[in-house]
Amino acid sequence: MAFMLIPPRDFFMGSSEAELAEFLEPADARNEIWPHNVIRSEGPRRKVLITRPSYIGKYEITQAQWQAVEGNNPAEFKISPPHPVDMVSWDDIQSFLEKVNKEPSLKLRFPTEAQWEYAARAGTTTRWHCGDTEEDANQLHQMSEPTNPVGQKQANAFGIHDMIGNVNEWCADRYAPDYYAKSATNDPTGPAKGNSRIQRGGSIMHHANYCRSAFRLAISPYLRFKSPYLRFKSHGLRLAMPIDVPKLNASNTAWASTPTTPPGRLVRRKKSHHG
Ligand SMILES: [Ca+2]
């Protein structure tokens, strides 16, 4: 497994009012209740502080890695070992973590939703880390089956691949629609109660609008009836590993809050034709 070292810092988590309005309006025009509720839960946008560095998977967990740990490959898209594993439930991943963490040097776990969004944004405030338009997003994402081998699309500024699309990535947090209005600023870990768990990043099943850095999906892993959402062909994972160092605190957050210039959109200049 390859990991990228992610530094601690504060960032703006969630969607701005403008982004919410932009994506709520078409959903409301079509009278779509589901998108309305999940998009609304992307706000209010707020400042969150990640107080410790951590490692985040450079790639989604692959079928080869799942096979090596669990001895099976549950994926719908059994195409090649470097394809992301899919058809894994939140509970299946608990079993995977239990086995892989028997190695004493490992402390792998789900990323929290805040860790995930911070890693996905990689310093950007745009809708996708590569820009603000659907055209930008579609350079890194396609809404069609099957999945792609991990790492084929361009990485973000943290060197992480496939945060946009490919497979959805389970996070540690539970879901509550009003959580952002009440959440802690430092290292939020989601609401204490709730049947659903969060997935992030969208997938090959989703339009680019549902692969934005702020977009959240709430999936119940505890449905006891036979549900396509318990395991599904777009449900995968990426793992994180904490680093046990002192937290950022009041005396050193000035460093964390040093302003940065978000990479933002790449501006393509036309070739100049002199002479
Ligand atoms: Ca993904």
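For the structure, see preceding data.
Note that the structure is a prediction, hence the values are computed from the model and not measured. (Residues numbered from 1 in each chain as written. Predicted model: local features only at pLDDT ≥ 70, side-chain atom pairs only at ≥ 80, totals over all residues.)

### Considerations on the environment of Gln-94
With respect to the element layout, Gln-94 can be found in helix α4 (residues 90-100). Separated by 15 residues in the primary sequence, Gln-94 and Arg-109 place their C-alpha atoms 8.7 Å from one another. (Helix = DSSP H or I, 4+ residues; strand = E, 2+ residues; numbered from the N terminus.)

### Things to note about the sheet that holds strand β8 (residues 235-236)
The strand order across the open sheet built from 4 strands is β7-β6-β5-β8, with neighbouring strands paired in mixed fashion. Looking at which strands have only one partner, the edges of the open sheet turn out to be β7 (216-219) and β8. In terms of strand pairing, strand β5 (residues 168-174) meets β8 through 2 bridges, oriented parallel. Note on β8: the bridge partner recorded for Glu-169 is Gly-236. Lying on the sheet, helix α5 (residues 113-121) is in contact with β5 and β6 (197-200); it crosses β5 at an angle near 140°. (Pairing = 2+ DSSP bridges. Contact = placed C-beta atoms within 7 Å. Axes fitted to C-alpha atoms, helices over the stretch in contact; angles between N-to-C directions.)

### Describing the nonpolar core
Nonpolar side chains in soluble globular proteins tend to end up buried together. Within the largest apolar cluster, 44 residues are counted, with the highest numbers of intra-cluster contacts made by Ala-119, Ala-137, Ile-164, Trp-170, Cys-211 and Leu-237. Where this core is concerned, the elements lending two or more residues are β3 (46-50), α4, α5, β5 and β7. It is α5 that contributes the most residues to this core, 5 residues altogether. Among all residues touching Cys-211, those that are not within four sequence positions of it are Ala-137, His-141, Ile-164, Gly-165, Gly-201, Gly-202 and His-206. (Core = buried A, V, L, I, M, F, W, Y, C linked by C-beta atoms within 7 Å. Buried ≥ 20, exposed ≤ 12 C-beta atoms within 10 Å, placed from the backbone.)

### Some thoughts on the sheet that holds strand β1 (residues 3-6)
What the 3 strands build is an open sheet, ordered β1-β4-β9; its pairing is antiparallel. The open sheet has two edge strands, β1 and β9 (240-242), and neither has a second partner. Along the sheet, successive strands turn relative to each other by an average axial angle of 25°, direction set aside. The pairing of β1 with strand β4 (residues 54-57) spans 4 bridges and is classified as antiparallel. From the neighbouring strand, Phe-3 faces β4, where its bridge partner is Gly-57.

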